[in-house]
Amino acid sequence: MTLRRLPALLAFFALIGASTAHAYLDVPVREAGARTLLTRFGYGADQASLRDTLGLSPRQYLRRAIRETPGYPPAIQAHIAALPASTPLPELWARYGPGGTEKFVPAPQQNASNDGKAMRNPREIAGREILDSTMETRLLQSVNSDNPGHEILLNFWLNHFSINGLKTVTKYVAADYARSLQMAMREDSFLALLRASFLHPAMQIYLDNDRSTAPNSAQGKRASQNGKSRGLNENLARELLELHTLGVDGGYSQADVQALARIITGAGVIINGMRPDPASVSGSVRIGYFFFDPRRHDDEHKRLLGTDYPAGKGFAEIEKALAQLAAHPATARHISRKLALRFYGDEPPAEVLRVMSEAFLRSGGRISETLFAMVNSRSFADTLKGPDKFKEPMDYVLSAVRAVCNGQPIANGKILMRTLREFNHLPFMRTTPDGYGALEKDWLSSPEMARRIRLAQTLAAAHLPLAADVPPKSGEGRCRPEVASIRQLVGPLSASTTQALQGLKPADEMAALLASPEFMHR
């Protein structure tokens, strides 16, 4: 070999190395890769999902997760359809929406039950039943889906655009909120997700924007003349900037918060029995049960993030603002970082965040392209070797249940709810709009580990009737874990874990596997 040929050969081998490093995205996976995909972008493997994922490339898996409709076992689907949360939104809104037939009447303090607690009124009782069944539905779908990647991504967006189900009307519409984000997710566009969240009554009511009224609007002036106070509410505007789009370090100012609050005045919800009829109000816009009322809107000039909003544009201002925020470079960085913290690791490298942000902007906010850039980064495959990403409580509970039931439909949503309530990680129950944390420090503690170990022991002993929503006395509703299957689903073990398992009885070994560091991480 001549020295003159050496640089060319080095360049050639460097190119081969780069191609190999970037090949993971389009390489069909074998068993280990399938298990990894289902753990990192799903709620863990069972034998059926492991078999279905074999031969897919990560690109195919993620594209299916975003775009394809999930399926559920017929018995689970029938059970979900019978829950109160499946009641059509028009029926729920007519009864429980603002101005609905079921009025909120506080229970008298002297009206107490036998245990001394104040009795709840029928509307509140129905609301809690609907909210509980909404949480149950989401958990049953997440744990039984034939498209696990879809469920974990949907739960990611529900957490990103977080609502609290306990607030007034949100408990009645949370299920529809989930369905709306699910439909938007299939469009593979961040703007579609942002619009679906903003234009849903759940978000408008949760962050009080349905009551935000510009003082200079027709309704604001009328209220002032009648001696009443109406004004701006900045809650939704602030969270749109801080949480949903640019991020707390996104470069916006208090003036931008105020400008956005003015832009989105008039956005709210349909009120049952509204007079005049909403459709007759000039300039009004109705989308489902979202309603833009120009009589509450600030129709004067605004300036948001350096962009002018001329006076007199009405609802078009809101559409313009959402599009502006969705396309902002700070939004690309914020969304890329949140996706990376959830699916890459607690400390994603700057280079990974850079390529993700560039993909987000280049593709017009496509979630698939942003995730592809992350998975195709040089260091992503290294994060799968550990694994070292600590599972959030829902990840842990659902993956453990899937491992012990191993493809048997999991119908007892109430047990899942009770368990995740103990772990403080129920859907729609985060009390602040920032959503649940995704970092190890958010969840790792001695009490947390004790809860996980107790659950692992209980599952390994087959004490929970997970397979039946109404457990039969014969015990047929119990999943029967098999140690060989759990070994396969957990995957390769460290030398220390292997040594710790030596000589254990099958039930003890299964408990130890479910409580192992390898299973605690993804």
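Only a predicted model underlies this, so the values are computations on that prediction, with no experimental measurement involved. (Residues numbered from 1 in each chain as written. Predicted model: local features only at pLDDT ≥ 70, side-chain atom pairs only at ≥ 80, totals over all residues. Heavy atoms only, no water.)

Undergrad: Now, about the overall build of the protein: what can you tell me, with residues and values included?
TA: What the protein contains, in helices and strands, is 27 helices and 5 strands. Computed over its C-alpha atoms, the radius of gyration of the protein comes to 26 Å, within 12% of the 24 Å expected for a compact globule of 522 residues. Its C-alpha atoms give the protein principal-axis dimensions of about 85 × 80 × 40 Å. Across the 522 residues that make up the protein, the buried fraction comes to 52%. Nonlocal contacts in the protein, meaning residues at least 24 apart in sequence, comprise 72% of its contacts between residues at least 6 apart. Carbon and sulfur atoms make up 54% of the accessible area of the protein, which amounts to about 23,200 Å² in all. Looking at charge distribution, the protein has the averaged site of its 63 positive side-chain charges lying 1 Å from that of its 52 negative ones. (Helix = DSSP H or I, 4+ residues; strand = E, 2+ residues; numbered from the N terminus. Rg over C-alpha atoms; globule rule 2.2 N^0.38 Å. Buried < 20%, exposed > 50% of the residue type's maximum accessible area, 1.4 Å probe, protein only. Contact = heavy atoms within 4.5 Å. Areas by Shrake-Rupley, 256 points an atom, 1.4 Å probe, with all protein chains shown as cover. Lys, Arg positive; Asp, Glu negative; His and termini not counted. Charge placed at Lys NZ, Arg CZ, Asp CG, Glu CD.)

Undergrad: Which residues make up the environment of arginine 195, and what values go with them?
TA: Checked against the element boundaries, arginine 195 lands in helix H10 (residues 190-198). For the pair formed by arginine 195 and tryptophan 93, sequence separation is 102 residues and the distance between their alpha carbons is 21 Å. Aside from chain neighbours lying at most four places away, what touches arginine 195 is Ile287, Glu319 and Leu322.

Undergrad: I'd love a proper account of the nonpolar core, names of residues and values included.
TA: Counting 144 residues, the largest nonpolar core has Trp157, Phe198, Met374 and Leu466 as the members making the most contacts within it. For this core, the element with the highest residue contribution is helix H20 (residues 393-405), accounting for 9 residues. With residues up to four places along the chain from it excluded, the contact list for tryptophan 157 reads Leu181, Met185, Phe190, Leu193, Ile335, Leu339 and Ile367. (Core = buried A, V, L, I, M, F, W, Y, C linked by side-chain atoms within 4.5 Å.)

Undergrad: Just give me the short version of helix H21 (residues 413-422), but keep the residues and values in it.
TA: Among the residues of H21, Gly413, Ile415, Leu416, Met417, Thr419 and Leu420 are the ones counted as buried. Those residues of H21 that are buried are in contact with helix H7 (122-144), H20 and helix H23 (446-460). Directly beyond the C-terminal end of H21, a positive phi value near 60° is found at asparagine 424.

Undergrad: I'd like a description of the sheet that holds strand E1 (residues 267-269), backed by residues and values.
TA: As summarised here, the arrangement of the 3 strands in space is E1-E3-E2, forming an open sheet in which the pairing is antiparallel. The sheet is open, and its two edges are formed by E1 and strand E2 (285-287), each paired on a single side. Recorded for the sheet is a direction-independent mean angle of 25° between the axes of neighbouring strands. Sheet topology note: the E1/strand E3 (residues 290-292) ladder contains 3 bridges and is antiparallel. Paired with alanine 267 across the two strands is phenylalanine 292, which belongs to E3. Along the sheet face, helix H15 (residues 315-326) touches E1, E2 and E3 and points at about 120° away from the line of E3. (Pairing = 2+ DSSP bridges. Axes fitted to C-alpha atoms, helices over the stretch in contact; angles between N-to-C directions.)

Undergrad: Kindly report on the state of the cysteines, identifying the contributing residues and their values.
TA: Applying the stated criterion across every chain yields a total of 1 disulfide. Between the sulfur atoms of cysteine 405 and its disulfide mate cysteine 479 the distance is 2.0 Å. On the sign convention where negative means left-handed, the S-S torsion of about 90° between cysteine 405 and cysteine 479 marks this disulfide as right-handed. On the criterion of sequence distance, the pair formed by cysteine 405 in helix H20 and cysteine 479 in the loop between H23 and helix H24 (483-490) is long-range, its members being 74 residues apart. Given a relative accessible area of 3%, cysteine 479 falls into the buried group. (Disulfide = S-S within 2.5 Å.)

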